[in-house]
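Structure assessment
The lines below spell out each chain.
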Amino acid sequence: MRFPENFLWGGATAANQCEGGWDVDGRGMTLSDFSTAGTQKQPRYTTYLTKEGQPGKALMFEELPEGAHRAVLEGYDYPYHEGIDFYHHYKEDIALFAEMGFKIFRMSICWARIFPKGIEEAPNQAGLDFYRNVFEELKKYGIEPLVTIFHYDMPVYLEETLGGWSNRKLIDLFEKYARVLFTEYKGLVKYWLTFNEINSIIMMKQLFPNYPAHQVQKDFQILHNQFVASAKAVQLAHTIDPDAVVGCMIAGGPSRYPLTPDPKDVIHTQELLQENTYYSADVMVQGEYPYFAPRIWKKYGVSLDITEEDREILKNGTVDLLTYSYYCSNCATTHEVKEKAGGNLDMGAKNPYLVYSEWGWSFDPDGLRYSLNEFYARYHKPLMVVENGLGAVDQLEADGKIHDPYRIEYIREHIKAMAAALEDGVDLRGYTPWGCIDLVSASTGEMKKRYGFIYVDRNDDGSGSMKRYKKDSFYWYKNVIASNGKELGE
């Protein structure tokens, strides 16, 4: 169990799920602000008003009726509005991260806090000051910020007025936004990620039944525009700050197995990995679309608006670092699926050799080792695992303690898997488990689906004191970091 002496242990969050402060200090509205609460069985919705002023709701990622605009309506709970109020608790929370021994903290910036509509000439100074204060607080404790520039925090104005990322104008607006960040925080932030789980947009067609064909074409164009925006940001970061390290972030990684040894299942699995994972990672790491891209475009009838200038930008804007999320693995098959599994954006058939969480996600540490090896073999770039963790229901006891041995077991086994990958020769630089402090679940909008080492007293109905409590896993992870992964408490 040997980790490099400079290994970056830490944790990860996102602004929309934890920050709160949705209507203060000049922040603009984002798409997340219109997302209602849900449950494991009840989906989340986006609320809106029709052009006639009638209230309505649509499933997340569904198109709104023509002429409708997003609106916050009476009678709905919008959990992202308050999150866990990191906006007002950041000093307390960072002190707890420091007590655990964090070397790095992954967080994101809310675009609408910097440019409320996304089109302004000058940034919102209050937003710039907030993040500067956060970064300075982290530096006070010797914690490196790992900052995601775009983590689903789209200013709603850009979506409803310009058409969002399907409009190439957003490439230049994103470049302006990134330029402000790189300039403003030079010397405070070294590690940047351009887009969170950038491949997620083309995975939607597998998640939602009857996904419209025209939306698939649109999704591939959105992804292309984001590739170009990311590549321009990478070049910009290196120009402004030669010490900057800029990475991409991929959802899931190569963590899919054939359900059976049927060769058709093997080919099917390979094609899904190419489409959902390598298609995006190849562009961002290698600077060009992979050889199998035309096959995918033909499959979905996609005709990309792509210029020679785009190709040159992609070639010159490759990332320094590949990061990804890993929670569980899944299986693919061409045969009838008898038992379905859950997962982060990527479901499949249940694996008979694995156990599953209450939310249907598999427990597969070996899949993490496998995916690390697959990514490193393909790209030979430094890696980070920037999301990993177990969502579970925790019980706050009368004495203020939270006993979460299930979380300790999950993280412990995945740390062992990372150690094995390092022994295999993988260049793994850091580990930031997801939701290191409890936050609002992206998939269900719940608080009860908790990931953190720190418990936040907030309930699904919005009640609670927001008081922070240390779980058993807090003390365990503190010891893991202090021993640089040698002491896992078995």
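The sections below set out a description of the structure shown in this document. Since this is a predicted model, take the numbers as computed values, not measurements. (Residues numbered from 1 in each chain as written. Predicted model: local features only at pLDDT ≥ 70, side-chain atom pairs only at ≥ 80, totals over all residues. Heavy atoms only, no water.)

Regarding the pattern of salt bridges
Applied cut-off: Salt bridges are defined by distance alone: a side-chain nitrogen of Lys or Arg within 4 Å of a carboxyl oxygen of Asp or Glu. To qualify as a helix, a DSSP run of H or I must reach at least 4 residues; to qualify as a strand, a run of E must reach at least 2; elements of each kind are numbered from the N terminus. Buried, partly exposed and exposed residues are distinguished by accessible area as a fraction of the type maximum, computed with a 1.4 Å probe on protein chains only: under 20%, between the cut-offs, and over 50%, respectively.
This structure, assessed with the given rule, holds 28 salt bridges. Salt-bridge contacts for D172 lead to K232; the nearest nitrogen and oxygen are separated by 3.5 Å. Taken together, the residues D172 in helix α6 (residues 169-184) and K232 in helix α8 (residues 213-240) connect sequence positions 60 residues apart. In this structure D172 comes out as partly exposed when scored by relative accessible area, which is 47%. Through salt bridges with shared partners, one network takes in D394, D404, R407, D438, R450 and K471.

Quick notes on the sheet that holds strand β17 (residues 428-431)
Strands belonging to one sheet form pairs held by backbone hydrogen bonds; the direction of such a pair is parallel or antiparallel. Condition: The pairing criterion for strands is at least two bridges between them, as found by DSSP. Axis geometry follows a simple rule: fit a line to the C-alpha atoms, using only the stretch in contact for helices, then measure angles between N-to-C directions, giving values from 0 to 180 degrees. When checking whether two residues touch, look at their non-hydrogen atoms; a contact exists if any pair is within 4.5 Å.
Pairing is parallel in the closed barrel, where eight strands are placed in the order β1-β5-β6-β7-β8-β10-β16-β17. Put simply, the sheet's adjacent strands are angled 30° from each other on average, direction ignored. With four bridges connecting them, strand β8 (residues 245-250) and strand β10 (residues 321-325) associate as parallel partners. In the strand pairing of β10, C248 is matched with L322. Helix-sheet contacts for helix α4 (residues 125-140) involve β5 (104-108) and β6 (144-150), and the interaxial angle to β5 is about 170°. Strand contacts of helix α13 (residues 405-424): β1 (8-12), β16 (383-387) and β17, with the helix running at about 170° to β17, the strand carrying the most contacts.

Description of helix α9 (residues 263-286)
Inclusion rule: Expected helix span is given by 1.5 Å per residue-to-residue step, counting one fewer step than there are residues. Think of it this way: the bend at a residue is just the angle between two axes, each fitted to seven residues, one set ending at that residue and the other starting at it. For the purposes of these results, a polar contact is taken to be a pair of N or O atoms within 3.5 Å, where, inside protein, one atom must be able to donate a hydrogen and its partner to accept one; residues adjacent in sequence count only when each atom of the pair is a side-chain atom.
Along its 24 residues, α9 runs just 29 Å from first to last C-alpha, ending more than 12% under the 34 Å computed at 1.5 Å per residue. Maximum bend of α9: about 50°, positioned at Y278. By the N-cap criterion, in which a side-chain oxygen at the helix start approaches the backbone nitrogen of a residue two or three places on, α9 is capped by D262, the distance to K264 being 2.9 Å. Two residues or fewer after α9 comes G287, characterised by a positive phi angle close to 85°.

A word on the side chain of T323
When you line up the elements, T323 lands in strand β10. At 2.8 Å, the side chain of T323 and the backbone oxygen of C248 are in polar contact. Residue contacts for T323: discarding those within four places in its chain leaves L193, C248, M249, I250, M384 and V386.

Examining the state of the cysteines
Where two cysteines share a covalent bond between their sulfur atoms, that bond is called a disulfide. Counted only if it meets this: Note that a disulfide, as used here, is simply two cysteine sulfur atoms within 2.5 Å.
Going through the model one piece at a time under the given rule, you end up with zero disulfides. The thiol of C18 is not disulfide-bonded; the next cysteine sulfur, from C436, is found 8.4 Å away.

Here's the deal with the sheet that holds strand β2 (residues 45-49)
Pairing is antiparallel across the open sheet formed by three strands, whose spatial order is β3-β2-β4. At either end of the open sheet lies a strand with only one pairing partner, and these are β3 (55-59) and β4 (69-70).

Some points on α13
Here α13 contains 20 residues, and its C-alpha end-to-end distance of 29 Å stays within 8% of the 28 Å for a straight helix at 1.5 Å per residue. Turning to α13, its buried residues are R407, I408, Y410, I411, R412, H414, I415, A417, M418, A419, A421 and L422. Buried residues along α13 sit against β1, β15 (362-363), α12 (365-379), β16, β17 and α14 (472-482). Positive backbone phi, at 110°, marks G425, one or two positions downstream of α13.

Notes on the side chain of E137
If you trace the backbone, E137 turns up in helix α4. The residues contacting E137, other than those within four sequence positions of it, are Y90, K91 and I94.

Notes on the pairing of β2
Across the five residues of β2, four count as buried, placing the element largely inside the fold. Linking β2 back to β3 in an antiparallel pair, the connection comprises five residues, with G53 at a positive phi of about 90°. Of the strand pairs in this sheet, β2 and β4 are connected by two bridges, and their pairing is antiparallel. By the bridge assignment, L49 is partnered in β4 with H69.

Description of the pairing of β3
Every second residue of β3 is oriented toward a common face, the buried set being G56 and A58 and the non-buried set P55, K57 and L59. Relative to β3, β2 runs antiparallel, the two being bridged by five bridges. By the bridge assignment for β3, Y48 is matched with G56.

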